[in-house]
Amino acid sequence: MRRRNRTIRWLAVPALLLNLLALPASAAEPAEVMGERLAACAACHGDEGRAVGEDYYPSIAGKPAGYLYNQLLSFREGRRQHTIMAGLLANLSDAYLGEIALYYAARPHAAQPPMTGATPEQLALGERLTVLGDLERKIPPCQACHGEQLTGVVPMIPGLRGLPARYLDAQVGAWKNGVRHAREPDCMGKIARALKPEEITAVSAWLASQPYAVDAKPLDSLPNTMPMDCGVLP
């Protein structure tokens, strides 16, 4: 039976993350210890996950913990393709991946400089698809899932602001070409396959051109029902 009422709340965090959240402070690794252990991550993702002005690698600080955990699993299990990430995560346990996700989710994100150089036509097309979608082609607006301010929704939906255009373009392109996958039903794969290459570039350019306030936070829940079923959601 298809589940239509997909209110997104912390209660939907995977059981592993709920168990980790419930640990007393004395049982969890202090942030400074985790920071030292994850120093290698800073080479691409910046100090404490706050990459600033990077052309490709995303800032991961402040992303919802459930989303980060799912991505770590996807890299380790091959649903996302990246040789370095796969190598780094190959021998890490689910529990440790959960700790990593919680660590970066708790870090404050960095304000990102907006991208410049996109054409007015690209920006107009990107904004239209982001805000309105294309209902005739059954393409929902980005805002319907990622929030009106595109800051994401806890625990599973990432924010889209503050990400480099090249990264966004590459990830949606990977979904379109069948290189990146999520659990079925793979809603992003379906949307990506419906978009034309120039539309993907336009949406990426518009998103990357938007300012990202340093105090922006993921939403606790969406105000409306999700427009389609997504396997990454409970």
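Structure: see above.
Report follows, based on the coordinates. Quick caveat: nothing in here was measured; it's all calculated off a predicted structure. (Residues numbered from 1 in each chain as written. Predicted model: local features only at pLDDT ≥ 70, side-chain atom pairs only at ≥ 80, totals over all residues. Heavy atoms only, no water.)

The subject of this paragraph is the overall build of the protein chain. Within the protein chain one finds eleven helices and zero strands. Counting from the amino terminus, the protein chain carries its helices and strands in the arrangement α-α-α-α-α-α-α-α-α-α-α. Considering only residue pairs separated by 6 or more positions, the protein chain has 74% of its internal contacts joining residues 24 or more positions apart. Carbon and sulfur atoms make up 57% of the accessible area of the protein chain, which totals about 12100 Å². (Helix = DSSP H or I, 4+ residues; strand = E, 2+ residues; numbered from the N terminus. Contact = heavy atoms within 4.5 Å. Areas by Shrake-Rupley, 256 points an atom, 1.4 Å probe, with all protein chains shown as cover.)

Right, let's get into the packing of helix H4 (residues 65-77) against helix H6 (residues 94-106). Describing two packed helices takes the angle between their axes plus the distance from one axis to the other. Packing of H4 against H6 brings their axes to within 8 Å, and their N-to-C directions diverge by 135°. The angle between the axes of H4 and H6 places the two elements in the oblique class. In terms of crossing hand, the pair formed by H4 and H6 is right-handed. Of the residues in H6, those touching H4 at Ala65, Leu68, Tyr69, Leu72, Leu73 and Arg76 are Asp94, Leu97, Gly98, Ile100, Ala101, Leu102, Tyr104 and Ala105. Taken together, the residues of the contact of H4 with H6 sort by class into eleven nonpolar, one polar and two charged. (Axes fitted to C-alpha atoms, helices over the stretch in contact; angles between N-to-C directions. Parallel < 35°, antiparallel > 145°, perpendicular 65-115°, else oblique. Left-handed = near helix turned anticlockwise from the far one by under 90°. Nonpolar A, V, L, I, M, F, W, Y, C, P; charged D, E, K, R; others polar.)

On to the nonpolar core, then. Leu38, Leu97, Ile100, Tyr104, Leu195, Leu207 and Met226 are the most contacted members of the largest nonpolar core, which totals 46 residues. Only H4, helix H5 (83-89), H6, helix H7 (120-131), helix H9 (165-176), helix H10 (187-194) and helix H11 (197-209) provide two or more residues apiece to this core. Once residues within four sequence positions are removed from consideration, Leu207 is found in contact with Thr130, Leu150, Leu160 and Leu168. (Core = buried A, V, L, I, M, F, W, Y, C linked by side-chain atoms within 4.5 Å. Buried < 20%, exposed > 50% of the residue type's maximum accessible area, 1.4 Å probe, protein only.)

The interhelical angle for the contact between H7 and H11, taken along N-to-C directions, is 90°, at an axis separation of 7 Å. With respect to each other, H7 and H11 are oriented roughly perpendicular. Packed against H7, whose contacting residues are Gln122, Leu123, Leu125, Gly126, Glu127, Leu129 and Thr130, the element H11 presents Glu198, Glu199, Thr201, Ala202, Val203, Ala205, Trp206, Leu207 and Ser209 at the interface. Across the contact of H7 with H11, the residue classes tally to eight nonpolar, five polar and three charged.

Along the chain, Gln171 falls in helix H9. At 2.9 Å, the side chain of Gln171 and the side chain of Arg80 are in polar contact. For Gln171, the residues in contact, after removing those within four places along its chain, are Tyr56, Arg80 and Arg180. (Polar contact = N/O pair within 3.5 Å; in protein donor to acceptor, adjacent residues only side chain to side chain.)

Inspection of every chain in the model, using the stated rule, returns six salt bridges. The partner of Arg76 in a salt bridge is Glu77, with the nearest N and O atoms 3.2 Å apart. The residue Arg137 makes a salt bridge to Glu199 at a minimum N-O spacing of 2.5 Å. Placement of Arg137 in the loop between H7 and helix H8 (143-146) and of Glu199 in helix H11 is noted, with a sequence separation of 62 residues between them. Connected through salt bridges with shared partners, the residues Arg76, Glu77, Arg79 and Asp94 form a single ionic network. (Salt bridge = Lys/Arg side-chain N within 4 Å of Asp/Glu carboxyl O.)

This paragraph deals with the state of the cysteines. On inspection of all chains with the given rule, the structure shows one disulfide. Here Cys187 connects covalently by a disulfide to Cys230, the sulfurs 1.9 Å from one another. Of note, the bridge from Cys187 to Cys230 carries an S-S torsion of about 115° and is right-handed in sense. Note that Cys187 is positioned in helix H10 and Cys230 in the segment after H11, a separation of 43 residues in sequence. Judged by its relative accessible area of 12%, Cys187 is buried. The structure places no disulfide on Cys44, whose sulfur is separated from the nearest cysteine sulfur, that of Cys41, by 8.7 Å. Not part of a disulfide, Cys142 finds its nearest cysteine sulfur in Cys145, a span of 8.5 Å. Residue classification places Cys142 among the buried positions, given a relative accessible area of 18%. (Disulfide = S-S within 2.5 Å.)

Purely spatial values, then, with no claim about function.
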